[in-house]
Amino acid sequence: MTGTADVNVDKGSDESATDRSAVPASEPPPVSPQPGASGNHDAPAAVPAPSGEPRPDDLVPGRPPQEEPSGEHPEDDRHPQDDEPPGEHLAVDEPLLAARAHRPSDLIRFLAGLLGIIAVFVLAQIAVSTTTGIETDISANAHKIPSVLSTIGALVSSIAVLAVPLAFAVERLIKRDGLRVADGVLASVLAYGVSLGVDWWVAAGAPPAIRDALTRLPPGGNGTLTDPVHGYLAPVIAYMTAVGMSSRPRWRVALWVVVVLSGATELISGYTTPLSLLLTVLIGWSVAYGTLYAIGSPNIRPTGKHLMIGLRKVGFTPSGAHRAPDAPGETRRYLVTQFEGPLLDVHIIDREQQASGFFYRAWRRIRLRSVAVRRSPQSLRQALEQEALIAYAAAASGARAPQLVATSELGPDAAILVYENVAGRTLDELADDEITDDVMASLWESVAALHERRIAHRRLTGESLLVVDEKAGCLVNLSGGDIAAGDLTLRIDVAQLLTTFALRIGPERSVDVANRVIGAERVASSLPLLQPVGLSRSTRIDLQRMTKERKAAAQALALEQVAAGERTQQQAEEDIAAAGEDLLSRIRGQILQIAPEAPLAPAKLERLKPKTLIMVIALTFAAYLALTTIQPAQLKLSQMDWGWAALALAAAAATFGAAAMSLTGFVPERLPFGRTVAAQLAGSFVKLVAPAAIGGIALNTRYLQKTGIRSGQAVASVGASQLAGLGGHLLLLFCFGLITGTQTNGDLGASRAVIIGVLSAAVLALVVAAVAPLRRFVVTRVRALFFGVVPRMLDLMQTPTKLVTGFGGILLLTLSFTACLYASVRAFGGDMSYSAVAVVFLTANAAGSAIPTPGGIGPVEIALIGALTVGVPASAAAPAVFLYRLLTFWLPVLPGWVAYNVLQRRGAL
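Residues numbered from 1 in each chain as written. Predicted model: local features only at pLDDT ≥ 70, side-chain atom pairs only at ≥ 80, totals over all residues. Heavy atoms only, no water.

Chemist: Looking at this structure, I do not really get the overall build of the protein chain. What am I missing?
Modeler: Of regular secondary structure, the protein chain possesses 33 helices and 13 strands. The proportion of buried residues among the 909 residues of the protein chain is 47%. By sequence separation, contacts in the protein chain at least 24 residues apart represent 78% of the contacts at least 6 residues apart. As presented, the protein chain carries roughly 42100 Å² of accessible surface, and 63% of it is formed by carbon and sulfur atoms. (Helix = DSSP H or I, 4+ residues; strand = E, 2+ residues; numbered from the N terminus. Buried < 20%, exposed > 50% of the residue type's maximum accessible area, 1.4 Å probe, protein only. Contact = heavy atoms within 4.5 Å. Areas by Shrake-Rupley, 256 points an atom, 1.4 Å probe, with all protein chains shown as cover.)

Here it is in structure tokens:
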């Protein structure tokens, strides 16, 4: 049964945005609120149901309905109540829809407009000859147009540009759509403000190429340039867009006729440029959609009342409706009782629901191969046809799934699919002990029936598995499936269902039941697809949560057992490592037990990995910063002493060997020194996209894990290295502070500053000890430290050479950085002692790095220059710092990128 139910849901209606109880007396509501539900949500009134039929609220326990006041669309001149049998009363039990909706489509259009504005500015700057040539051609041909036509066009456009918006506002107010008009006025005011801002920027600070492309001297003018943005046209475009003209073809045509006529007359008269007109349109369009997304548009989604009307139009006899939990993709569901007939499960799909999740779907489509991404219909009609086709195909395959009995359009922007209701509970609503082998076997049989007909479900998560009784299950939410699916898509289905069951009852039973129903061969074929990227988003979240909870519980238990002497430190670390094994690895292990010959290599589902995208962004960011922050004029190369510069380069190169020593010295296992140096060089590339400390810690931990060191031990080794580095940093700062103080005329000013800093740290420690929440926070972290770092240090005590290497590397690392800065200062004629430069480096670098910018770009330079100017002229301090940062940060970026890629290809990162 298919049909079209025209319920006149006008896009311009303020039904959702105004008082819904205000209904004209001449038009009584076709559907009234549920009787007896007068605002009491704790005890909802019963929904009338035919004898022997279950009530909707019996099927969805624990979800109290909400009352929606009655009110029919003011523009709807139809009387659907005339179609109701005499004396019958329709009841709708649903929560009120939000008065305003933040539509993703508005955000997409706003972002597209911003990109268009940026493109106009780029085009104005790089295509100077093209824009100039177009303006010249227009000026050369403008005199061919009779002046009478130009005058008439200017007069008509100046009147129409005000008359059309005013007429549209009157039309909307007559139809009681005042909120739309208010939205348009707000958008026009904002567009005018943006226009003024762009005009000011172009006149005061824009590059000359942009100013020339957007402005010109008007004929016979007094030397004043034209406005880059038309201050009257942009607000008009914003107003007409915000009030919803796109849904009214006649008004839309009128608007664009006015815009084109006004722009053409201005262009012919020489008062604007083509890029200025394009920029005006884009600003008005972007501001309108940005305003609509920010404040929300009046909600025009069809309600349960429109649904009841639509069902009557296609031959059903609804008596009541109850809002059920949404299906995946934010598809609204209603359980509808009838005067005659079974309970219905009705799905409403609309344009707003289709637009939700657009950015996530776009990212998945870019990142993954097409086989791993479900198809997204391009229109509402396609979505309706796709879901109906899947439902009919599933029924023909013999799989147990709800029967689709009707489809229908519900106005211009929504459609409904009517299913026979199947009573039951989803897998997510069951307790673990209620998930029996018979239920899982029944669901596997339905999936096998689908796969026999090459139908993929693609949403085999807990919310799509309906348990009817203790032995039978039913597949629901087939709207995202595929017809004529390929082998890889069907194998993804198997991997998804295996993981869904394993999350609830463990991998052993999950694999065992699947093996009994579909066979070892099909189970084994899913092993390469058991990777998070191929699973649903909710499953990936559940996997991460389970792994984190298992690891936290195991770590807490291990802490208690080690403290009680029940287990050794090594045994506790082994327990934590076992608990940290992810669920997918455990499923793979179970599959290999029943099919040892199963393929192990993961299938290639990604066409673009996130790390590749990050690498491209990092290189682009590095190139931009290098071109904008490092300029030859700032380095003053003509005044530089190349001998000291060479010494600074050698000191910068020594820092990578020192960093490798500081890491290997805190790892009891043997590490290849050359590869460790390459890893530290790769860290110079990672600094571009992360703060230096965070990026270095993550990369070193990953490097140690790839060398075969367990995760807990790798983190402990890196933590020990960082802790020792902090202690060495403070010790060197104290020592160099004392030396610097004694060298400056016997004055201990610098040493006093260091002592004051130490005393301040002591006071801070006392405050932490006195405040209970802070004390608990610190104690928790210290316990974890003693569990991981301290035992690692005790292991290192048995090999003194390792400790010498580690602490020697820390000392050499600080001295090398200091030497590089000292040589850079001397290269530009600065005269400052090595100990004073060391104090400057240790204090200013730490202060600058405290601000978490990538690589400390900006704060580090400011802090170093500010500290050096105490003893060195600013003319030498600034170029010295730029040289130091060039050698220690920018120059290693390209070699670091090469090292990063080489180590990744060799499996070392």
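Past the structure itself, the notes keep going.
Chemist: What is the right way to read the environment of Ala 294 from this model?
Modeler: By the secondary structure assignment, Ala 294 is in helix 9 (residues 274-295). Residue Ala 294 is classed as exposed on the basis of its relative accessible area of 54%. Ala 294 sits 187 residues away from Leu 107 along the chain, and the two C-alpha atoms are 8.8 Å apart.

Chemist: I'm lost on the sheet that holds strand 11 (residues 425-426) in this one. Help?
Modeler: By definition, the strands of a sheet pair up through backbone hydrogen bonds, in either a parallel or an antiparallel sense. In spatial order, the strands read 11-12-13; together these 3 strands make up an open sheet with antiparallel pairing. Two strands lie at the open edges of the sheet, namely strand 11 and strand 13 (473-475), each paired on one side alone. As judged from the 3 bridges shared by strand 12 (residues 465-467) and strand 13, these two strands associate in the antiparallel manner. Of the residues in strand 13, the one forming a bridge with Leu 465 is Leu 475. On the sheet, helix 14 (residues 437-452) packs against strand 12 and strand 13 and is oriented at approximately 35° with respect to strand 13. (Pairing = 2+ DSSP bridges. Axes fitted to C-alpha atoms, helices over the stretch in contact; angles between N-to-C directions.)

Chemist: Just to check I follow, could you spell out the packing of helix 31 (residues 859-868) against helix 32 (residues 874-890) for this structure?
Modeler: In a packed pair of helices, the relevant descriptors are the angle between the two axes and the axis-to-axis distance. Orientation of helix 31 relative to helix 32, taken along the N-to-C sense of each, is 140°, at an axis distance of 9 Å. In terms of axis orientation, helix 31 runs oblique to helix 32. For the pair helix 31 and helix 32, the sense of crossing is right-handed. Two secondary-structure elements touch here, helix 31 through Val 860, Glu 861, Leu 864, Ile 865 and Leu 868 and helix 32 through Ala 877, Ala 878, Val 881, Tyr 884 and Arg 885. Split by residue class, the contact of helix 31 with helix 32 holds 8 nonpolar, no polar and 2 charged. (Parallel < 35°, antiparallel > 145°, perpendicular 65-115°, else oblique. Left-handed = near helix turned anticlockwise from the far one by under 90°. Nonpolar A, V, L, I, M, F, W, Y, C, P; charged D, E, K, R; others polar.)

Chemist: Looking at this model, I keep getting lost on the side chain of Asp 345. Mind explaining?
Modeler: Following the sequence through the fold, Asp 345 ends up in strand 8 (residues 344-350). A distance of 3.0 Å separates the side chain of Asp 345 from the side chain of Arg 333, its partner in a polar contact. Leave out the neighbours within four places in its chain, and Asp 345 touches Arg 333, Tyr 334, Leu 335, Leu 417, Val 418, Tyr 419 and Asn 421. (Polar contact = N/O pair within 3.5 Å; in protein donor to acceptor, adjacent residues only side chain to side chain.)

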